[in-house]
Amino acid sequence: MVILLYITFIVSMIFMWLEKPANQNKTAVNNVIIISIGIILALLASARPEDMPDYSAYYRIYTHPQNQINERIELGFIWFILSVKQFIADDFIIFLFSAGCAAVLIKLFAIRQLSKLFFSSLYIYIASKYISNDLIQMRVAFSTGLMLFAVYYKYNEQLLKFLIVTTLAFLFHYSAILLYLIWLLPTKTINRSVYVLLVIGSYVLALIGFSLAHLITYVPISGIQNLYVHYTEVVESSGANLFSILLISKLLICLYFLITWEKYAVYSPYFIILIKLFAISLIAYCLLFSINAVAVRIAELFQIVEIILIPFLYYFSKNRIVGKTMITVIGLIYFVFYVNFSGWFS
């Protein structure tokens, strides 16, 4: 599994280095290429070893989906399982492949809509969210992919489509209820000082031990309450690592983009809302740090935008090799962390 991941990662890196930005109003790649990549990544996801996190939990859910309806498992995911069993095949590996195809393809088509640097985004995606979401947290994988389409529909002021994708995301992961707030974000400008202060301030507050995680108990939705209890009493109750290289690198990237946002906004109309959501993900992570599982779940909903955002470093310098080198290094940091230091691969 790890060898296949390394091969996939290296191949994506090669395509990233060969890539040039797509012209305005032209798709970076066609449907055949996207579907082919999606099938390959879904096959890899379905070949995950049984000792990976959440494997046994998803096998239990798949085996007895009806028993999960009144528990913390979302109705959308239950519906997806039952549909696969009814219309495709009653086989767990087939289910993993089907879920992989759906979740991965949603993100790939969203990348094509939002990014002129498809293969650079694919590279960052494989280095990070593909591993943490599509190989482990399948329900989150569905929600984060739909979140990217929510960004697209928000910028283009398509409220009905925005509500449809955010509601679907909610049906696959209850924490996605927060995605409705995206509609309230202005997309044309950003108050640099406010966001910089919020990012730095939230990190400083986390360092001195201030956390807002307990406020989740006041959310009047039983599914979210069940998730909170699960994460605090069943999964873990320890705090997040505020000094991890992954968090520090994300904070530095976020602050750099916030400070220099005018430079990059000219290359894409989506940049402003993307950097806002990336900042919000880090602020949420820091303010909820006292319960690591909760902090990660909430932050990851918004942090999926980094697969679109980080490739903007391509424009860091007129010498595009500099930008591509920066993207390469960040992807390597992410990939090495997730594969070698996360504890997910034995």
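Now for a look at the structure at hand. Remember, predicted model here, so these are calculated numbers, not experimental data.

Observations concerning the overall build of the protein
In terms of helices and strands, the protein carries 17 helices and zero strands. Counting all 346 residues of the protein, 56% fall into the buried class. A sequence separation of at least 24 residues applies to 78% of the contacts in the protein between residues at least 6 apart. A total of about 14900 Å² of accessible surface is found on the protein, and carbon and sulfur atoms cover 67% of it.

Side note on helix 14 (residues 271-287)
An α-helical turn contains 3.6 residues, so any two residues separated by three or four positions project in the same direction. With 17 residues, helix 14 extends 24 Å between its outermost C-alpha atoms, agreeing within 8% with the 24 Å of an ideal straight helix rising 1.5 Å per residue. The buried count for helix 14 comes to 16 of 17 residues, which makes it a mostly enclosed element.

Points about the packing of helix 1 (residues 2-18) against helix 17 (residues 320-341)
Viewed as axis vectors pointing N to C, helix 1 and helix 17 meet at an angle of 170°, and their least axial separation amounts to 11 Å. Between helix 1 and helix 17, the angle falls in the class roughly antiparallel. Taking contact as the criterion, the partners of V2, L5, Y6, F9, M13, M16, W17 and L18 in helix 1 are, on helix 17, I321, K324, T325, I327, T328, G331, L332, F335, V339 and N340.

Some details on the state of the cysteines
Enumeration over the complete set of coordinates arrives at zero disulfides. No disulfide involves C286; its sulfur sits 9.9 Å from that of C254, the nearest cysteine. Of the residues examined, C286 reaches a relative accessible area of 0% and is grouped as buried.

Some points on the side chain of K324
For K324, the position within the fold is in helix 17. Put simply, K324 is tucked away with no salt bridge, and the nearest opposite charge, on E19, sits 5.9 Å away. Discounting chain neighbours no more than four positions away, the residues touching K324 are M16, W17, L18, E19 and Y314.

Remarks on empty space enclosed by the protein
As enumerated under the stated definition, the model contains one cavity of 30 Å³ or more in all. For the largest cavity, the calculated volume is near 40 Å³. When residues of the lining of the largest cavity are traced back to their parent elements, those giving at least two are helix 5 (92-114) and helix 8 (138-155).

Overview of helix 2 (residues 31-46)
Taking 1.5 Å of rise per residue, 16 residues should cover 22 Å, and helix 2 covers 22 Å from first to last C-alpha, within 8% of that figure. Residues of helix 2 that are buried in the fold lie against helix 1, helix 5, helix 6 (118-127) and helix 7 (129-134).

Quick word on the pattern of salt bridges
One pass over the structure, following the stated rule, counts six salt bridges. With a shortest N-O distance of 2.8 Å, E74 and R139 are connected by a salt bridge. Of this pair, E74 sits in the loop between helix 3 (55-63) and helix 4 (75-87) while R139 is found in helix 8, placing the two residues 65 residues apart along the sequence. What makes E74 buried here is its relative accessible area of 0%. By relative accessible area, which is 7% here, R139 ends up buried.

So, the side chain of S128
Mapped onto the elements, S128 comes out in the loop between helix 6 and helix 7. Polar contacts involving the side chain of S128 include one to the main-chain carbonyl oxygen of I124, which spans 2.7 Å. Among all residues touching S128, those that are not within four sequence positions of it are E306, I307, Y334 and Y338.

As for unusual backbone geometry
Backbone geometry places D54, a non-glycine residue, at a positive phi of 75°. With respect to the helices and strands, the residue D54 is situated in the loop between helix 2 and helix 3. On the basis of relative accessible area, D54 is assigned to the partly exposed category, the value being 31%.

A closer look at a nonpolar patch on the surface
Residues I200, V204, L205, L207, I208, F210 and F243 make up a contiguous nonpolar surface patch of roughly 680 Å² in combined accessible area. Its place among the elements puts L207 in helix 10 (residues 192-207). Overall, the relative accessible area of 41% leaves L207 in the partly exposed class.

Observations regarding the packing of helix 14 against helix 15 (residues 292-303)
Interhelical geometry of helix 14 versus helix 15 gives an angle of 175° and a closest axis separation of 8 Å. Considering the angle they form, helix 14 stands roughly antiparallel to helix 15. Contact with helix 14, carried on its side by L277, F278, I280, S281, L282, A284 and Y285, involves N292, A295, V296, I298, A299, F302 and Q303 of helix 15 and no other residues of that element. For the contact of helix 14 with helix 15, the per-class residue count stands at 11 nonpolar, three polar and no charged.

Comments concerning the packing of aromatic side chains
Summed over all chains, the structure comprises 33 aromatic pairs. When the centroid spacing of 6.0 Å and the interplanar angle of 35° are considered together, the rings of Y152 and Y270 count as tilted. Of this pair, Y152 sits in helix 8 while Y270 sits in the loop between helix 13 (261-265) and helix 14; the two residues are 118 residues apart in sequence, bridging distant segments of the chain. Ring plane angle 25° and centroid distance 5.9 Å describe the contact between Y264 and F271, whose orientation is recorded as stacked. As far as the burial class goes, Y264 and F271 line up, both buried. Members of the aromatic cluster, each reached through a chain of ring pairs, are Y55, Y58, Y59, Y62, F77, F80, F92, F95, F142 and F172. A cation over a ring is seen here: K154 above W183, with NZ or CZ 4.9 Å from the ring centre. We note K263 situated over the ring of F316; from NZ or CZ to the ring centre the distance is 5.0 Å.

Reading the values: rules and limits
Residues numbered from 1 in each chain as written. Predicted model: local features only at pLDDT ≥ 70, side-chain atom pairs only at ≥ 80, totals over all residues. Heavy atoms only, no water. Helix = DSSP H or I, 4+ residues; strand = E, 2+ residues; numbered from the N terminus. Buried < 20%, exposed > 50% of the residue type's maximum accessible area, 1.4 Å probe, protein only. Contact = heavy atoms within 4.5 Å. Areas by Shrake-Rupley, 256 points an atom, 1.4 Å probe, with all protein chains shown as cover. Expected span 1.5 Å × (residues − 1). Axes fitted to C-alpha atoms, helices over the stretch in contact; angles between N-to-C directions. Parallel < 35°, antiparallel > 145°, perpendicular 65-115°, else oblique. Disulfide = S-S within 2.5 Å. Lys, Arg positive; Asp, Glu negative; His and termini not counted. Salt bridge = Lys/Arg side-chain N within 4 Å of Asp/Glu carboxyl O. 1 Å grid on protein atoms, 1.4 Å probe; cavity = no way out; pocket = protein on both sides within 12 Å on 5 of 7 lines; lining within 4 Å. Points joined across faces, edges and corners; volume = space filled by probe spheres on them. Polar contact = N/O pair within 3.5 Å; in protein donor to acceptor, adjacent residues only side chain to side chain. Patch = residues over 30% accessible without salt bridge, like charges linked within 9 Å, V, L, I, M, F, W, Y side chains within 5 Å. Nonpolar A, V, L, I, M, F, W, Y, C, P; charged D, E, K, R; others polar. Phe/Tyr/Trp six-rings, centres within 6.5 Å; stacked < 30°, edge-to-face > 60°. Lys NZ or Arg CZ within 6 Å of the ring centre and 35° of its normal.

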